[in-house]
Amino acid sequence: MHHRSEQLHSDRTAHDRRAFGDQMREILPAAAQLPARRLRDLLRADLRAGSFGTGRLPGEPELMARHHLPRDVVRAALSMLRADGLIERRRGVGTVAVGEHYVVSGALPPVGRTLEQHLALGRISPRLLYWAWIPAPPVIAAHLAGVGPGDDCLCVEYVLLLDDRPLAVFTNYLRAPEATRIDQAAFGDDFYSLLRGGRVDVGGSDVGVQAARADETTAALLHILPGEPVLLVEQTIRTSDGIAVDYALGSCRAEIQLELGAIPRLDMTATLSR
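Residues numbered from 1 in each chain as written. Predicted model: local features only at pLDDT ≥ 70, side-chain atom pairs only at ≥ 80, totals over all residues. Heavy atoms only, no water.

Caption draft 1: Looking closely at helix 2 (residues 33-49). The end-to-end C-alpha distance of helix 2 is 25 Å, a good match for the 24 Å that 17 residues give at a rise of 1.5 Å each. Every buried residue of helix 2 is listed here: Ala36, Leu39, Arg40, Leu43 and Leu47. Within helix 2, the buried residues cover an arc of 110° as seen down the axis, which keeps them to one side. Looking one or two residues past helix 2, Gly50 carries a phi angle of roughly 70°, positive in sign. (Helix = DSSP H or I, 4+ residues; strand = E, 2+ residues; numbered from the N terminus. Expected span 1.5 Å × (residues − 1). Buried < 20%, exposed > 50% of the residue type's maximum accessible area, 1.4 Å probe, protein only. Arc of directions from axis to C-beta.)

Written out as structure tokens, the structure is:
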């Protein structure tokens, strides 16, 4: 009886393993698709770096020779880029890049420079949506030094415009000591300039990002369709002494590529439980 029980357990385990293997084969891409995906990512990086000059991509034979790949892989990679809305085929011209993208630094503008000067992409300005004193919600208080739930903080919500085109929407929560130094009438460039104009010490920031899809309100503000991809940004602005004075939540259009540099090496193994 004991032997039969062990046999049933062994058969069930083997069946479960086969079922799991079948599920993984359905989920994972075929091996033939992986080279196309890698090439798609390389070409996307080339597009962002402006490697193709006027925006016209090399022809299939050149891409095949350059990357040592067969024609079907090159065509599959180009098809992926077309599905991403990054390229299109134009009669008599060839394959060209379409859709704008912006590489923006995640670092704060140096003292004495506006965000517009720092990014050098075009005219940057805010469209103010909301400016009011509110009781700090618990989650906001937890991110600001010396602020408790219900304490006064200034809520500033705005759309960030590039040459009058919306690129991002942000909601900032600023501590009362710093908020009393800034003037709504002075908010004509960017939030960092507003803080520095009020002699608020801006020393650095922590930034977190996450992929998401736009809800209807965010889509309307950014002039995109609901469900389109956006980049969610979480930012804590700190003084030179590392004191958290502002906490912001934002959504950026998919055209924005956030570039974070000078990140120190972290020992991730120290944070993993055994």
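Caption draft 2: Seen up close, the nonpolar core. Within the largest apolar cluster, 27 residues are counted, with the highest numbers of intra-cluster contacts made by Ile182, Phe191 and Leu195. Among the secondary structure elements, those contributing two or more residues to this core are strand 4 (124-135), strand 5 (152-162), strand 6 (165-175), helix 8 (191-197), strand 8 (229-238) and strand 9 (244-253). Considering every element that reaches this core, the biggest residue donor is strand 5, with five residues. If sequence neighbours within four positions are ignored, Phe191 has contacts with Val156, Tyr158, Asn172, Ile237 and Asp246. Core analysis: the next-biggest nonpolar cluster, separate from the first, contains 11 residues, Leu39, Phe52, Leu57 and Leu81 among them. (Core = buried A, V, L, I, M, F, W, Y, C linked by side-chain atoms within 4.5 Å. Contact = heavy atoms within 4.5 Å.)

Caption draft 3: Seen up close, the sheet that holds strand 6. What the six strands build is an open sheet, ordered 4-5-6-9-8-7; its pairing is antiparallel. At either end of the open sheet lies a strand with only one pairing partner, and these are strand 4 and strand 7 (204-213). Strand-to-strand twist of the sheet, defined as the mean angle between neighbouring strand axes without regard to direction, takes the value 15°. Bridge count for strand 7 against strand 8 is 10 bridges, and the pairing is antiparallel. Across the sheet, Arg213 pairs through a bridge with Pro229, a residue of strand 8. (Pairing = 2+ DSSP bridges. Axes fitted to C-alpha atoms, helices over the stretch in contact; angles between N-to-C directions.)

Caption draft 4: Up close: the packing of helix 3 (residues 60-67) against helix 4 (residues 71-83). Their axes nearest at 9 Å, the elements helix 3 and helix 4 cross at an angle of 110°. The angle between helix 3 and helix 4 falls in the class roughly perpendicular. Across the interface between the two elements, Glu60, Leu63 and Met64 of helix 3 pack against Arg71, Val74, Arg75 and Leu78 of helix 4. In the contact of helix 3 with helix 4, the residues fall into four nonpolar, no polar and three charged. (Parallel < 35°, antiparallel > 145°, perpendicular 65-115°, else oblique. Nonpolar A, V, L, I, M, F, W, Y, C, P; charged D, E, K, R; others polar.)

Caption draft 5: Main features of the pattern of salt bridges. Inspection of every chain in the model, using the stated rule, returns 11 salt bridges. The residue Arg71 makes a salt bridge to Glu60 at a minimum N-O spacing of 2.9 Å. One end of the pair, Arg71, is in helix 4; the other, Glu60, is in helix 3, with 11 residues separating them in the sequence. Residue classification places Glu60 among the partly exposed residues on the basis of a relative accessible area of 22%. A salt bridge links Arg165 to Glu255, with the shortest nitrogen-to-oxygen separation between them at 2.9 Å. Note that Arg165 is positioned in strand 6 and Glu255 in the loop between strand 9 and strand 10 (256-259), a separation of 90 residues in sequence. Taking the relative accessible area as the measure of exposure, Arg165 reaches 24% and is therefore partly exposed. For Glu255, a relative accessible area of 16% puts it in the buried group. (Salt bridge = Lys/Arg side-chain N within 4 Å of Asp/Glu carboxyl O.)

Caption draft 6: Summary view of the packing of aromatic side chains. All told, the structure shown has five aromatic pairs when counted by the stated rule. Centroid distance Trp131 to Phe187: 6.5 Å. Interplanar angle 50°. Geometry classified as tilted. Of this pair, Trp131 sits in strand 4 while Phe187 is found in the loop between helix 7 (176-179) and helix 8, placing the two residues 56 residues apart along the sequence. Relative to Phe191, the ring of Tyr158 lies with its centre 6.3 Å away and its plane at 10°, an arrangement referred to as stacked. Placement of Tyr158 in strand 5 and of Phe191 in helix 8 is noted, with a sequence separation of 33 residues between them. For the pair Tyr158 and Phe191, a shared accessibility class is recorded, and that class is buried. Pairwise contacts between aromatic rings join Trp131, Tyr158, Phe170, Phe187 and Phe191 into one cluster. (Phe/Tyr/Trp six-rings, centres within 6.5 Å; stacked < 30°, edge-to-face > 60°.)

Caption draft 7: A look at the pairing of strand 1 (residues 87-90). Alignment of strand 1 against strand 2 (residues 94-97), held across four bridges, turns out to be antiparallel. When the bridges of strand 2 are listed, Ile87 appears paired with Ala97. In this antiparallel pair of consecutive strands, strand 1 and strand 2, the connection spans three residues, and Gly92 shows a positive phi of 80°.

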